[in-house]
Structures are given as structure tokens and as C-alpha cells.
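Summary of the model geometry
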Amino acid sequence: MVQKYQSPVRVYKYPFELIMAAYERRFPTCPLIPMFVGSDTVNEFRSEDGAIHVIERRCKLDVDAPRLLKKIAGVDYVYFVQKNSLNSRERTLHIEAHNETFSNRVIINEHCCYTVHPENEDWTCFEQSASLDIKSFFGFESTVEKIAMKQYTSNIKKGKEIIEYYLRQLEEEGITFVPRWTPPSITPCSEASLSSCKKQAASMAVVIPDAALKEGLSGDALSSPSAPEPVVGTPDDKLDADYIKRYLGDLTPLQESCLIRLRQWLQETHKGKIPKDEHILRFLRARDFNIDKAREIMCQSLTWRKQHQVDYILETWTPPQVLQDYYAGGWHHHDKDGRPLYVLRLGQMDTKGLVRALGEEALLRYVLSINEEGLRRCEENTKVFGRPISSWTCLVDLEGLNMRHLWRPGVKALLRIIEVVEANYPETLGRLLILRAPRVFPVLWTLVSPFIDDNTRRKFLIYAGNDYQGPGGLLDYIDKEIIPDFLSGECMCEVPEGGLVPKSLYRTAEELENEDLKLWTETIYQSASVFKGAPHEILIQIVDASSVITWDFDVCKGDIVFNIYHSKRSPQPAKKDSLGAHSITSPGGNNVQLIDKVWQLGRDYSMVESPLICKEGESVQGSHVTRWPGFYILQWKFHSMPACAASSLPRVDDVLASLQVSSHKCKVMYYTEVIGSEDFRGSMTSLESSHSGFSQLSAATTSSSQSHSSSMISR
């Protein structure tokens with residue numbers, strides 16, 4: 001595989017002639033480059049007018065390689081041929097170099113050029129590119145490649161320092177100005193001699209690639225008067241080293257090269273809006289600067305952005321009022337590193353209500369608008385703070401999180417949102433602070449964490465209870481003056497408080513489908529009918545203790561009692577109830593009974609949770625950490641109204657309720673899932689490694705000494 005390198009444009013704020021005087025001091029040897037032992041001049045040509053000077057040198061290098069490798073190769077030094085072509089008239093120097101040693105096994109080519117800055121003729125630009133192709137090297141191809149890249153990048157870092165060192169040396173010697181080349185006085189010259197000069201110069205000259213010619217070397221640019229000193233900017237097709245450091249951060253030479261090469265590829269091939277440099281850099285970082293992998297995911301993202309018009313979402317899309325009122329999230333100042341701070345009060349947000357009222361597509365679009373706003377704020381903060389800021393911090397408050405937030409369609413929507421954001425906004429999350437994580441959080445984390453990139457997961461800091469108020473807590477990342485008031489801070493936070501979305505705003509699946517908004521509800525939920533004397537039961541087999549059974553159901557009609565039982569032996573095959581004398585099959589859902597009438601409670605099976613009475617219209621979410629392996633039975637049973645005392649009159653509520661269930665029929669929509677003990681505990685291990693303060697939460701949620709259950713009811 002051919003390794004390539006392309007540098008950014010490095011700017012010296014010195015005239016070209018002074019830079020050339022400093023550059024020549026590198027020869028015949030340079031003590032600042034230990035591996036550069038010496039050089040000999042092989043060929044040299046100078047035109048009669050002195051404008052063209054071409055010199056070819058044979059350079060001797062002492063490569064820092066293992067002694068064994070040198071012994072196998074049979075060499076102590078490596079030789080390169082370097083050809084420098086100086087054009088004082090055009091004020092350019094082009095350098096070409098290639099290896100002489102092992103040229104049949106290893107091919108190394110380098111091209112460098114010094115040119116005048118296109119916007120200031122008293123400044124000098126430098127660029128270089130190189131390629132390495134190892135055909136074969138005694139079975140040590142990978143080792144040689146690593147050594148070569150290490151040596152080369154090391155010398156790249158020193159390049160500018162060396163020129164500046166010799167510039168200081170010249171200044172100490174009193175040389176601060178070198179006059180430009182001027183044509184000598186005209187002397188008679190025969191056409192034959194002039195033709196001879198041109199041919200000789202052409203034979204020694206280096207072919208100048210188009211990329212170098214694009215630097216603005218036309219005579220018009222050089223003849224124009226000097227403009228006021230501009231701030232070093234970014235030409236349309238070039239990246240300036242100072243610009244990279246100021247707006248993108250400190251990158252290694254190879255990282256700079258990856259950025260420039262990917263950017264050039266986009267300019268040459270992409271028919272559309274080119275991403276900003278900082279966004280290209282995010283994709284490279286997400287794939288550890290593997291250009292091929294970064295290019296693949298970025299092209300997919302560009303196509304996705306075009307299809308969904310994401311570039312215009314902030315200008316063309318207005319969030320529905322429901323989101324503005326009940327989505328408990330918003331931007332809130334910045335953290336100590338200058339990153340924009342986004343606050344999400346997830347525990348106060350009714351995710352189920354938002355999905356039922358809007359559909360997941362509207363939620364996704366809103367999250368996309370948040371990310372687009374985050375990119376815009378990063379650009380603003382980069383200008384305000386004078387340093388590169390390419391990511392934001394997210395503070396998630398989980399106070400109030402409960403089993404309602406584990407409503408399966410809501411979790412599905414969350415997973416899809418995470419998937420889309422990971423694919424199209426890589427490396428935008430600088431830090432995630434999760435505060436006041438409750439006992440139920442590990443269940444949610446188990447479901448979500450597999451979809452989160454490892455690099456992103458390492459940015460999570462999780463605090464249980466009030467741990468965030470202690471050492472290593474919130475004050476380490478956010479200034480005291482801007483800690484939100486709901487976290488005992490002094491700053492009023494304008495983030496909406498959330499709350500339950502009114503059910504009057506809910507929309508049917510048909511309504512959402514008509515707007516191309518599709519819920520997952522119908523694909524994962526099952527319906528069941530519950531009759532007086534005929535409960536509905538489902539069987540769950542547990543192999544490993546400490547697994548987690550989760551459930552989510554809506555009571556669509558009537559009142560029911562929800563029970564959980566455990567049995568060491570499997571009940572008889574399920575049978576559908578014929579409803580006794582009624583002999584009616586329910587059109588609204590199944591009715592399955594598992595517990596045999598001869599079974600006795602306490603002998604054949606046992607109750608593992610207290611009965612839970614659920615009223616019509618309630619939504620119930622819950623979980624149970626199993627204590628034993630075996631068979632667990634979830635049961636929904638008809639709830640009979642208790643008989644009123646003889647001395648008291650019936651209550652109005654009781655009479656109305658009895659009228660509603662006069663048919664002795666109830667209906668539920670339910671979904672269940674089992675989280676294996678390994679997955680559940682594995683998630684806790686990863687959380688504990690994120691922050692030591694989470695150990696208390698871990699102990700509270702994964703104890704195997706007893707079974708835990710939690711249920712939450714919403715009306």
C-alpha cells in the first residue's frame with residue numbers, strides 16, 4: 001500500500017529572498033537534523049542572467065533503525081538524490097527528492113515548494129508532499145514503513161524550526177534584508193546561445209505540478225503594490241498551518257495530511273456543498289484518521305443530509321408547540337472549557353407522551369435541529385474564546401426517571417436517534433454529565449449502551465444521588481455561577497420543566513402514518529382480553545438468576561390486578577379459555593391461562609411481588625430482578641369491586657366503575673422483555689468504570705441477595 005503525505009501551507013512572514021538565504025545554510029550538512037550526515041553536489045546549472053539556479057545533491061542519511069535491520073540490509077547509510085530548482089525571477093523554489101538506496105525495493109518521492117504568498121508578496125509559503133511505496137524488504141516491510149513514517153514526520157516538525165533558527169542566525173549577523181533579483185544590463189547575445197541556454201535550463205528544471213501553480217504566481221500578482229498585512233486566511237483550495245492551529249487545534253503532521261487530502265478529494269469529486277473543515281476533521285477523528293473509512297461514512301452522511309435537507313433545518317423547520325412546551329431540554333451558557341452546554345432534564349420528560357403525540361420522526365427532527373444549533377454555537381465559541389471548540393457538553397439530569405421512561409417504543413425511538421446522531425455528528429459530544437442517576441437507570445443503560453460508540457462512551461461521567469456536589473463533581477466542569485437552579489445552583493435555567501403530555505394531544509397510529517410518521521407500537525405490542533374468572537397469563541423461562549424481566553402495558557378497558565408468580569416446573573401447555581358458559585372468543589385479543597386449577601399457591605408456585613391494582617387508562621412500566629431460575633408467570637386478572645359495607649351507601653365512583661365493567665371484560669396492550677444477567681451486570685461494570693461515584697448505585701441495583709422490582713403507573 002502506498003503511504004501519502006500532504007502538508008498544509010506553512011507561512012513565513014519573511015520575504016522569499018531572506019527565506020532562501022536561510023534555506024541554503026542547511027547545506028552541506030545541518031547539525032539540527034542529526035540523521036543528515038552530509039551532502040555532495042552532483043550537478044549544478046546557473047543561467048547567464050542568474051535567475052535560474054538548479055543544483056542536484058547526493059544526500060547521506062543515518063536512519064535511526066534497529067542495528068539488526070541495518071545488518072540484514074547490509075547498509076549503514078541511506079542515500080537520497082535531491083534536485084533544487086530556484087527561479088529568482090518568479091520567486092519560487094521547487095525541490096524534488098527520491099531515494100537511491102534500495103530503489104528497486106522501496107520507492108520514496110518527495111516534492112516541496114517555496115512560493116510567494118498570494119496576498120502578501122513579503123511573505124513566503126511552503127508546501128510539501130511525499131509518497132512511500134515498499135515493494136519488498138526482506139520480510140520487514142511493516143517495520144520499514146513505520147520507521148520511515150516516524151523519521152519523516154519527525155523531520156517535518158523540525159522543518160519550520162530550522163528555517164527560523166537560520167533566520168535568527170542571519171539577524172545576529174546583521175542580515176535582515178536580501179535584495180530581489182533584477183535583470184542584469186542587456187548585452188548582445190546570439191539567438192543560438194540564447195536557445196542553448198533555454199534548452200540546458202529545461203533539461204535541469206523540475207516539472208511543477210498544477211497544485212503548485214495554483215498558488216497565484218502570475219506576473220500580475222507580483223507586479224501589484226503591497227497590500228496592508230492581512231490576517232493569514234484560508235484560500236479556497238489550500239489550508240494554512242496557522243489557520244489549522246487557530247481554528248482546528250494542534251494536529252500531528254500526518255493528521256494534517258489526512259485532513260488536507262480528504263478535503264482535496266471532496267473538492268475534486270463532490271458535487272455539492274463541501275462540509276466545513278472542522279466537520280471533516282470530526283469524521284477523521286471518529287475513524288482514527290483512516291482516510292478510507294472516514295471518507296465512506298462522510299459520503300453517506302452527505303447523501304443523508306441532502307436527502308433530508310438537514311443543512312436548512314434551522315431556517316425552514318419550526319418545532320411543534322408540544323415540543324416547545326414539554327421537551328425538557330435547552331442550551332445553557334458554556335462549560336469551563338468554553339464548550340456550549342446543553343441541559344436535558346430527562347427525568348422530567350414524558351417520552352411516551354411525546355412519541356404518542358408527535359411520532360418518532362418529529363422527535364428525531366428536533367434532535368437534529370439541536371445538533372445543528374450545537375455546530376453553530378461551536379463556531380461562535382471558537383471565535384469568542386480564541387481557541388478551537390468543536391464539541392459541546394451535555395448535562396443530563398435523571399431526577400424523576402422511572403419505568404415509564406422504559407416504554408419500549410420510546411426506547412426504540414431513542415436508539416434510532418442515537419444511531420442517526422452517531423453516524424452524522426461524530427465527535428461532537430465533548431463530555432456527558434449524568435446526574436442523580438436512580439435505581440432504574442442501569443436497565444435503560446443496558447438497552448442503550450450497545451448502540452453508543454466506544455469513544456463516546458469514554459466521555460460519560462455518571463453521578464448517583466448528590467455525588468455531583470462533591471469533589472470531582474459538577475464544579476470541576478462548570479463554573480459555579482452558571483450551575484442551574486434545579487441543581488442547587490445560582491443561575492436561573494430557562495429549560496422547560498417538561499411534565500406529562502396531556503392524553504388529549506395523543507394521535508392514533510393511522511394519523512401518524514398519514515404524515516409518514518410511523519410508530520413501532522403495533523409491531524411489538526400484543527393485545528389480550530381479561531374476563532372475570534379468566535385471567536390472561538404469559539410464561540417467561542429464566543435460566544440465569546439475576547436476570548431482569550421488564551414489562552410495559554396499557555389498561556385499555558376495565559380495571560385489572562397484575563401479579564408475578566414463580567414456579568420450579570413448567571405449567572401445562574397454554575390453553576385458550578372458552579369463557580365457560582359464554583363460549584365466546586374475544587375479538588379484541590387473546591386470553592391464555594397457564595396456572596392449572598389443581599395448583600396450589602405456596603406449594604406449586606409462589607407469588608414474588610405484591611399484587612398491583614391498575615385502573616382503566618393507566619400505563620404501567622416495571623421490572624423485576626429475578627432471584628431464582630425457573631418459570632415466571634405474568635398474570636393480568638379481572639379486578640372485582642369490593643362489596644360496600646351495609647351501613648354505608650355506595651360511592652358514586654364505585655357505581656360508575658361497576659357500570660364500565662358490567663360486561664366483566666377488560667383489555668390490555670402489553671410488551672415484555674428479558675435482559676440477561678450478563679448484559680445487565682456488564683452494563684453496570686462499564687458504568688462503574690466511568691465514575692467511581694456510581695458504585696453506590698451499582699450496589700443498590702444489582703444486589704443478588706434479594707429480588708428487586710419497581711413499577712410506575714401514569715394516568
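Here the structure is shown first, and the text comes after it.
Notes on the structure follow. (Residues numbered from 1 in each chain as written. Predicted model: local features only at pLDDT ≥ 70, side-chain atom pairs only at ≥ 80, totals over all residues. Heavy atoms only, no water.)

1. Description of helix α1 (residues 16-24)
Counting buried residues along α1, 7 of its 9 residues qualify, which places the element largely inside the surrounding structure. Taken residue by residue, α1 has Phe16, Glu17, Leu18, Ile19, Met20, Ala22 and Tyr23 as its buried positions. Of the surrounding secondary structure, the elements contacted by the buried residues of α1 are β2 (10-12), β5 (78-87), β6 (92-99), β7 (106-117), β8 (120-134) and α3 (141-172). (Buried < 20%, exposed > 50% of the residue type's maximum accessible area, 1.4 Å probe, protein only. Helix = DSSP H or I, 4+ residues; strand = E, 2+ residues; numbered from the N terminus. Contact = heavy atoms within 4.5 Å.)

2. Quick word on the packing of α1 against α3
Between α1 and α3, the least distance of the axes is 8 Å, while the angle of their chain directions is 100 degrees. One way to sum up the angle between α1 and α3 is to call them roughly perpendicular. Here α1 contributes Leu18, Ile19, Ala21, Ala22 and Tyr23 to the contact with α3, which in turn contributes Ile163, Tyr166, Leu167 and Leu170. Broken down by class, the residue content of the contact of α1 with α3 amounts to 9 nonpolar, no polar and no charged. (Axes fitted to C-alpha atoms, helices over the stretch in contact; angles between N-to-C directions. Parallel < 35°, antiparallel > 145°, perpendicular 65-115°, else oblique. Nonpolar A, V, L, I, M, F, W, Y, C, P; charged D, E, K, R; others polar.)

3. Brief notes about a nonpolar patch on the surface
A cluster of nonpolar residues, Leu68, Ile72 and Phe138, forms a patch on the protein surface that exposes about 270 Å² of accessible area. Residue placement: Leu68 occurs in helix α2 (residues 67-73). The exposure class of Leu68 is exposed, given its relative accessible area of 57%. (Patch = residues over 30% accessible without salt bridge, like charges linked within 9 Å, V, L, I, M, F, W, Y side chains within 5 Å. Areas by Shrake-Rupley, 256 points an atom, 1.4 Å probe, with all protein chains shown as cover. Salt bridge = Lys/Arg side-chain N within 4 Å of Asp/Glu carboxyl O.)

4. Some points on the layout of surface pockets
Rolled over the atoms, a probe sized like a water molecule indicates the empty space that remains. The volume enclosed by the second largest pocket comes to roughly 850 Å³. Every residue lining the second largest pocket is counted, 36 residues in all, and those nearest its centre are Lys273, Pro275, Lys276, Asp311 and Glu379. Broken down by element, the lining of the second largest pocket gets its largest block of residues, 7 residues, from helix α14 (residues 360-385). When grouped by side-chain class, the residues that make up the lining of the second largest pocket number 13 nonpolar, 8 polar and 15 charged. (1 Å grid on protein atoms, 1.4 Å probe; cavity = no way out; pocket = protein on both sides within 12 Å on 5 of 7 lines; lining within 4 Å. Points joined across faces, edges and corners; volume = space filled by probe spheres on them.)

5. Focus on unusual backbone geometry
Residue Phe27 is joined to Pro28 through a cis peptide bond whose omega torsion reads 5 degrees. Tracing the chain through its elements places Pro28 in the loop between α1 and β3 (36-46). One non-glycine residue, Glu427, lies in positive phi territory at about 55 degrees. Although it is not a glycine, Ser488 sits at a positive phi angle of roughly 70 degrees. Along the chain, Ser488 turns up in the loop between β13 (460-464) and α18 (509-514). Judged by its relative accessible area of 62%, Ser488 is exposed.

6. Some details on the pattern of salt bridges
Scanning all chains against the criterion turns up 30 salt bridges. Note that Arg295 and Asp292 form a salt bridge whose closest N and O atoms lie 2.6 Å from each other. Linking Arg295 with Asp292, this pair stays in helix α10 (residues 291-308), spanning 3 residues, or about one helical turn. Under the relative-accessibility criterion, Arg295 is labelled partly exposed at 24%. Between Arg305 and Glu372 there is a salt bridge, with the nearest N and O atoms lying 3.0 Å from each other. Residue Arg305 is located in helix α10, and its partner Glu372 is located in helix α14; the two are separated by 67 residues in the primary sequence. No difference in accessibility class separates Arg305 from Glu372, as the two residues are buried. Within this structure, Asp335, Asp337, Arg339 and Arg431 form a network of salt bridges that share partners.

7. Examining the state of the cysteines
Joining two cysteines, a disulfide is a covalent bond between their sulfur atoms. Evaluated as defined, the whole model comprises 0 disulfides. In this model Cys491 remains outside any disulfide bridge; the closest cysteine sulfur is found in Cys493, 7.1 Å from its own. (Disulfide = S-S within 2.5 Å.)

8. A closer look at the pairing of strand β15 (residues 536-542)
Taken across its 7 residues, β15 has 5 buried, putting it largely inside the fold. As judged from the 7 bridges shared by β15 and strand β23 (residues 630-638), these two strands associate in the antiparallel manner. Its bridge partner lying in β23, Ile538 is registered against Leu634. (Pairing = 2+ DSSP bridges.)

9. Quick look at the pairing of strand β24 (residues 665-675)
Pairing between strand β14 (residues 526-531) and β24: 6 bridges, direction antiparallel. Considered in β24, the bridge of Val530 is made with Cys666. Summarising the sheet, strand β16 (residues 548-557) and β24 pair through 9 bridges and their orientation is antiparallel. Residue pairing for β24: Thr550 is matched across the bridge by Glu673.

10. A short note on the environment of Leu262
If you trace the backbone, Leu262 turns up in helix α8 (residues 253-269). According to the relative accessible area criterion, Leu262 is buried, its value standing at 0%. With near-sequence residues (within four places) excluded, Leu262 lies in contact with Ile280, Leu284, Ile291, Ala294, Arg295 and Met298.

11. Looking at the sheet that holds strand β9 (residues 329-334)
Sheet strands pair by backbone hydrogen bonding; their relative direction is either parallel or antiparallel. Read from one edge of the open sheet, 5 strands run β9-β10-β11-β12-β13, paired in mixed fashion. Each edge of the open sheet is held by one strand with a lone partner, namely β9 and β13. Strand-to-strand twist in this sheet, taken as the mean axis angle between neighbours without regard to direction, amounts to 20 degrees. Where strand β12 (residues 429-437) and β13 come together, 4 bridges link them in parallel fashion. Within β13, the position partnered with Ile434 by the bridge is Ile462. In this fold α14 packs onto β9, β10 (340-344) and β11 (392-397), with an angle of close to 5 degrees to the strand it touches most, β9.

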